[in-house]
Amino acid sequence: MNAVPNITLNDGSAIPQLGFGVFQIEPQETAKAVSEALGIGYRHIDTAEMYGNEKEVGEAVRASGLDRGDVFVTSKLNNSFHEPDDARRAFDETLSELGFDSVDLFLIHWPLPTLYDGDYVSTWKTLEGFKQDGRARSIGVSNFQVEHLERLAAETDTVPAVNQIEVHPYLTNETARAYGREHGIATEAWSPIAQGAVLDDPTIVQIAEKVGKTPAQVVLRWHVERGDIVFPKSVTPSRMEENFEIFDFELEPADVEAITALDRGEDGRTGPNPDTFAYVPG
Ligand SMILES: NC(=O)c1ccc[n+]([C@@H]2O[C@H](COP(=O)([O-])OP(=O)(O)OC[C@H]3O[C@@H](n4cnc5c(N)ncnc54)[C@H](OP(=O)(O)O)[C@@H]3O)[C@@H](O)[C@H]2O)c1
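Keep in mind the model is a prediction, meaning the values are calculated, not measured.

(A) Highlighting the overall build of the protein. When helices and strands are tallied, the protein shows ten helices and ten strands. Relative to its length of 282 residues, the protein is compact, with a C-alpha radius of gyration of 18 Å against a globular reference of 19 Å. Seen along its three principal axes, the alpha-carbon backbone of the protein occupies a region of about 55 × 40 × 35 Å. Of all 282 residues assigned to the protein, the portion counted as buried reaches 53%. The long-range share in the protein, meaning contacts at least 24 apart out of those at least 6 apart in sequence, stands at 75%. Here the protein has roughly 11900 Å² of accessible surface; of this, 47% comes from carbon and sulfur atoms. Within the protein, the 48 negative side-chain charges are centred at a point lying 2 Å from the centre of the 23 positive side-chain charges.

(B) Quick look at the site of the ligand. Around the ligand sit 28 residues, and of these Asp46, Ser191, Lys233, Ser234 and Thr236 come closest. A distance of 3.5 Å separates an oxygen atom of the ligand from a polar backbone atom of alanine 194. Contact distances for the ligand include 3.1 Å between a nitrogen atom and a side-chain N or O atom of glutamate 242. When residues in the shell around the ligand are grouped by element, the largest group, three residues, is from helix H9 (residues 237–244). Residues that form the shell around the ligand fall into these classes: 13 nonpolar, ten polar and five charged.

(C) View of the pattern of salt bridges. Per the counting criterion, the structure on display carries 18 salt bridges. When the shortest N-O distance is used, the salt bridge between arginine 269 and glutamate 266 registers 2.8 Å. Assessed through its relative accessible area of 15%, arginine 269 is described here as buried. For glutamate 266, a relative accessible area of 48% puts it in the partly exposed group. Look at the salt bridges and you will find they share partners, linking Glu174, Arg177, Arg226 and Asp228 into a network.

(D) Structural detail: the environment of alanine 31. Relative to the elements of secondary structure, alanine 31 occurs in helix H1 (residues 27–40). For the pair alanine 31 and asparagine 53, spaced 22 residues apart in sequence, the C-alpha separation works out to 8.6 Å. Filtering out sequence-adjacent residues up to four positions away, alanine 31 remains in contact with Glu56 and Ala60.

(E) Molecular detail of the packing of aromatic side chains. Per the counting criterion, the structure on display carries ten aromatic pairs. Consider the rings of phenylalanine 106 and phenylalanine 130, whose centres lie 6.0 Å apart with planes at 65°: the pair is edge-to-face. Of this pair, phenylalanine 106 sits in strand E6 (residues 103–108) while phenylalanine 130 is found in helix H4 (residues 121–132), placing the two residues 24 residues apart along the sequence. Accessibility expressed as a relative area gives 0% for phenylalanine 106, which makes it buried.

(F) Looking closely at the side chain of threonine 94. Inspection of the secondary structure puts threonine 94 in helix H3 (residues 84–98). Residue classification places threonine 94 among the buried residues on the basis of a relative accessible area of 0%. Once residues lying within four places of it in the same chain are set aside, the contact partners of threonine 94 are Glu49, Glu54, Ser75 and Phe106.

(G) Fine view of the pairing of strand E8 (residues 162–166). Of all five residues making up E8, five are buried, and the element is well covered by its neighbours. In this structure, strand E7 (residues 136–142) lies alongside E8, joined through two bridges in parallel fashion. Within E8, the residue paired with valine 141 across the bridge is asparagine 163. Chirality of the crossover, the property in question, places the unit of E7, helix H5 (residues 146–155) and E8 among those that are right-handed.

(H) Layout of unusual backbone geometry. Of note, the phi angle at leucine 112 is positive, near 50°, even though the residue is not glycine. Relative to the helices and strands, leucine 112 is located in the loop between E6 and H4. Of note in the backbone geometry, serine 191 takes a positive phi value of approximately 50° without being a glycine. When you line up the elements, serine 191 lands in the loop between strand E9 (186–190) and helix H7 (202–211).

(I) Layout of the sheet that holds strand E10 (residues 229–230). Strand order in the open sheet formed by eight strands is E3-E4-E5-E6-E7-E8-E9-E10, and the pairing between neighbours is parallel. The open sheet has two edge strands with one neighbour each: strand E3 (20–21) and E10. Pairing between E9 and E10: two bridges, direction parallel. Looking at the pairing, alanine 189 lines up with valine 230 of E10.

(J) Inspection of the packing of helix H2 (residues 54–63) against H3 at higher detail. At a closest axis distance of 7 Å, the pairing of H2 and H3 adopts a crossing angle of 40°. The angle between the axes of H2 and H3 places the two elements in the oblique class. Residue-level contacts link Glu54, Lys55, Val57, Gly58 and Arg62 of H2 to Thr94, Glu97 and Leu98 of H3. For the contact of H2 with H3, the per-class residue count stands at two nonpolar, two polar and four charged.

The rules behind the values
- Residues numbered from 1 in each chain as written.
- Predicted model: local features only at pLDDT ≥ 70, side-chain atom pairs only at ≥ 80, totals over all residues.
- Heavy atoms only, no water.
- Helix = DSSP H or I, 4+ residues; strand = E, 2+ residues; numbered from the N terminus.
- Rg over C-alpha atoms; globule rule 2.2 N^0.38 Å.
- Buried < 20%, exposed > 50% of the residue type's maximum accessible area, 1.4 Å probe, protein only.
- Contact = heavy atoms within 4.5 Å.
- Areas by Shrake-Rupley, 256 points an atom, 1.4 Å probe, with all protein chains shown as cover.
- Lys, Arg positive; Asp, Glu negative; His and termini not counted.
- Charge placed at Lys NZ, Arg CZ, Asp CG, Glu CD.
- Near = heavy atom within 4 Å.
- Polar contact = N/O pair within 3.5 Å; in protein donor to acceptor, adjacent residues only side chain to side chain.
- Nonpolar A, V, L, I, M, F, W, Y, C, P; charged D, E, K, R; others polar.
- Salt bridge = Lys/Arg side-chain N within 4 Å of Asp/Glu carboxyl O.
- Phe/Tyr/Trp six-rings, centres within 6.5 Å; stacked < 30°, edge-to-face > 60°.
- Pairing = 2+ DSSP bridges.
- Right-handed = clockwise from strand over helix to strand, strands pointing away.
- Axes fitted to C-alpha atoms, helices over the stretch in contact; angles between N-to-C directions.
- Parallel < 35°, antiparallel > 145°, perpendicular 65-115°, else oblique.

By themselves, these are just geometric observations and shouldn't be taken as functional.
Below, the structure is given as structure tokens:
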């Protein structure tokens, strides 16, 4: 059976290790996709204000008939709203769009070190307030490099519960993952199959043939065995099912190592570099 394990976060909350991501799902397709995912058994949805589909995520959760407490929902602060007053308004809007009293996890989407005078610290302190007032059960960050995490540790009181970063076989992102491991910050691996780019890799295909699973299942299993949290995105029901069926097999340690060895460092990055990314929606 497909029992998804929970990971215990540093604040005591539990998060399902496998979830469903909704980046690049059109708002008009989102409720259907999330309903399908919940029907398959996913109990963790990863959205963001930037994705423009929080409203439809909330609708699908309500329509599922599941208790709100049985579905873990994450959203993220958009890049336009790092200043504390803006962040408070944006968080109100996120809850209003979702139609929820609280989110399970709220993240700073990007550190934007070249904007806002490099001040993601006051943004983080604003998120601490959302946790204190109970409207965010957990708070965390996304795309934070080690130096950004070190600065939060030096200047604030709350260690982020998670750091959501790009991780897949071509960008294993070991430095940020190791910092997280050492400081009790769970790593969430975004673009876990590199949006499909790793699925034709000969090493991965060969392991998949050996264990009788698909390349996507092998890569998602690799993440899970490394202890990271994943939420692959798909609008294709058969792929949603495929991506959910990763708890009925194991990889040999040598195969885990062979996949890890595919790392291409910075050349393997598919998304923006967090040190320079400065996109602010108009
Ligand atoms: N914090 C951040 O900055 C950030 C950035 C990026 C992503 N994320 C989060 O991470 C989630 C996942 O990342 P992602 O959406 O970028 O990429 P991903 O999950 O690595 O890949 C999604 C792509 O792979 C295809 N796919 C899914 N399952 C497949 C399978 N079993 N076989 C073959 N192809 C498959 C999907 O196609 P179809 O949909 O057509 O089936 C889609 O094109 C996002 O949805 C979002 O929640 C966060």
